[in-house]
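Each chain, letter by letter, is given below.
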Amino acid sequence: MEKKVARVFTILFVIAAFLSLGLGATIAQEKKGAEKKGGPAVPPLVLTSTAWEDGGVIPDKYTQKVENPVSPELKWSQVPPGTQTFVLLMHDPEPVLNKGSKMDITHWLAWNIPATSTGLPQGVAQGELPDGTRQISLRLNGYMGPGAPPGPYHHYTFELYAVDTKIDVPQGTPQEAANTRMAVINAIDGHVLGKALLVARFHR
């Protein structure tokens, strides 16, 4: 009887040892996997405005309801390490241009914004800026305010990209806005370190 009990304990001990080894290996693999992933996740890029809350209605002074709309103040934070420049795209995704699926209305495209920037002030001047920022829209060499007609709200989307390189795309003209936008988007492909979104609603 004692031999049987001893044999049972021996078997249980062997099973426990195998389970312990398996658990240890699993923990080691998980630890190794976490090290490969580079440790804690980098917090996401954040884009905000002092003019409205995300998804809110954009005030009239920034829209085509007034004669000379100004660009809103924008702020960003939690910039990814390695960022060299920022690209800002404001577009209206509701309309389509030339029956296409790849392009909507470009209300503001700014690129080569310096990595030291933490935002853009209200009323950014048109054209290439002293810090090297280039910008364009469908009608201007700068910000073009929302102008949706009466009816459902349009959702004007601001997209901010943190990029690990400078973008070699010339200033261009409003007539070239679609091609310039495509060139900038193609140029940042494979160089985006982070992206943030901010939405404003508008209709007349």
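Chemist: Break down the side chain of Thr 85 for me, citing the residues and quoting the values.
Modeler: Inspection of the secondary structure puts Thr 85 in strand β4 (residues 85-92). Polar side-chain contacts of Thr 85 include one of 2.7 Å to the backbone oxygen of Thr 165.

Chemist: Account for the packing of aromatic side chains, with residues named and values stated.
Modeler: For the coordinates displayed, the defined rule picks out four aromatic pairs. On the numbers, 5.1 Å between centres and 45° between planes, the contact of Trp 76 with Phe 86 is tilted. Of the two residues, Trp 76 is situated in strand β3 (residues 74-77) and Phe 86 in strand β4; the sequence distance between them amounts to 10 residues. Between the aromatic rings of Trp 108 and Tyr 143, the centroid separation amounts to 5.3 Å while the plane-to-plane angle is 80°, which identifies the pairing as edge-to-face. Of this pair, Trp 108 sits in strand β5 (residues 105-114) while Tyr 143 is found in the loop between β7 (134-136) and β8 (154-163), placing the two residues 35 residues apart along the sequence. Using a relative accessible area of 1% as the deciding quantity, one classes Trp 108 as buried.

Chemist: Tell me about the sheet that holds β8, and please be specific about residues and values.
Modeler: An order of β2-β9-β8-β4-β5-β7 is seen for the six strands of this open sheet, with the pairing classed as mixed. Single-partner strands in this sheet number two, and they are β2 (56-57) and β7. Bridge count between β5 and β7: three bridges; the pairing is antiparallel. From the neighbouring strand, Leu 109 faces β7, where its bridge partner is Ile 136. With respect to the sheet, helix α2 (residues 177-188) is in contact with β4, β5, β7, β8 and β9 (192-202), its orientation differing from that of β5 by roughly 45°.

Chemist: Tell me about the layout of surface pockets, and please be specific about residues and values.
Modeler: In this structure, the largest pocket spans a volume of roughly 230 Å³. Taken together, 14 residues line the largest pocket, and the ones lying closest to its centre are Asn 68, Pro 69, Gln 126, Leu 140 and Tyr 143. Of the residues contributing to the lining of the largest pocket, the split by class is six nonpolar, six polar and two charged.

Chemist: Break down the nonpolar core for me, with residues and values.
Modeler: With 26 residues, the main nonpolar core has Leu 47, Leu 88, Trp 108, Phe 158 and Leu 160 as its most contacted residues. Those elements that provide at least two residues to this core are β3, β4, β5, β8 and β9. Residue contacts for Leu 160: discarding those within four places in its chain leaves Leu 45, Leu 47, Trp 76, Phe 86, Val 87, Leu 88, Gly 194, Lys 195 and Ala 196.

Chemist: Please provide a residue-by-residue account of unusual backbone geometry, values included.
Modeler: Most of the time, phi is negative for any residue but glycine, and the peptide bond is trans. In this structure, Gln 78 is a non-glycine residue whose phi angle is positive, near 55°. In this fold, Gln 78 is placed in the loop between β3 and β4. Its identity as a non-glycine residue notwithstanding, Asn 112 has a phi of 60°, on the positive side. Within the element layout of this structure, Asn 112 appears in strand β5. Accessibility expressed as a relative area gives 3% for Asn 112, which makes it buried.

Chemist: Describe the pattern of salt bridges, with residues and values.
Modeler: Applying the stated criterion across every chain, the model contains four salt bridges. Between Lys 65 and Asp 60 there is a salt bridge; the shortest N-O distance is 3.8 Å. When the shortest N-O distance is used, the salt bridge between Glu 159 and Lys 195 registers 4.0 Å. Residue Glu 159 is located in strand β8, and its partner Lys 195 is located in strand β9; the two are separated by 36 residues in the primary sequence. Residue classification places Lys 195 among the partly exposed residues on the basis of a relative accessible area of 44%.

Analysis parameters
Residues numbered from 1 in each chain as written. Predicted model: local features only at pLDDT ≥ 70, side-chain atom pairs only at ≥ 80, totals over all residues. Heavy atoms only, no water. Helix = DSSP H or I, 4+ residues; strand = E, 2+ residues; numbered from the N terminus. Polar contact = N/O pair within 3.5 Å; in protein donor to acceptor, adjacent residues only side chain to side chain. Phe/Tyr/Trp six-rings, centres within 6.5 Å; stacked < 30°, edge-to-face > 60°. Buried < 20%, exposed > 50% of the residue type's maximum accessible area, 1.4 Å probe, protein only. Pairing = 2+ DSSP bridges. Contact = heavy atoms within 4.5 Å. Axes fitted to C-alpha atoms, helices over the stretch in contact; angles between N-to-C directions. 1 Å grid on protein atoms, 1.4 Å probe; cavity = no way out; pocket = protein on both sides within 12 Å on 5 of 7 lines; lining within 4 Å. Points joined across faces, edges and corners; volume = space filled by probe spheres on them. Nonpolar A, V, L, I, M, F, W, Y, C, P; charged D, E, K, R; others polar. Core = buried A, V, L, I, M, F, W, Y, C linked by side-chain atoms within 4.5 Å. Salt bridge = Lys/Arg side-chain N within 4 Å of Asp/Glu carboxyl O.

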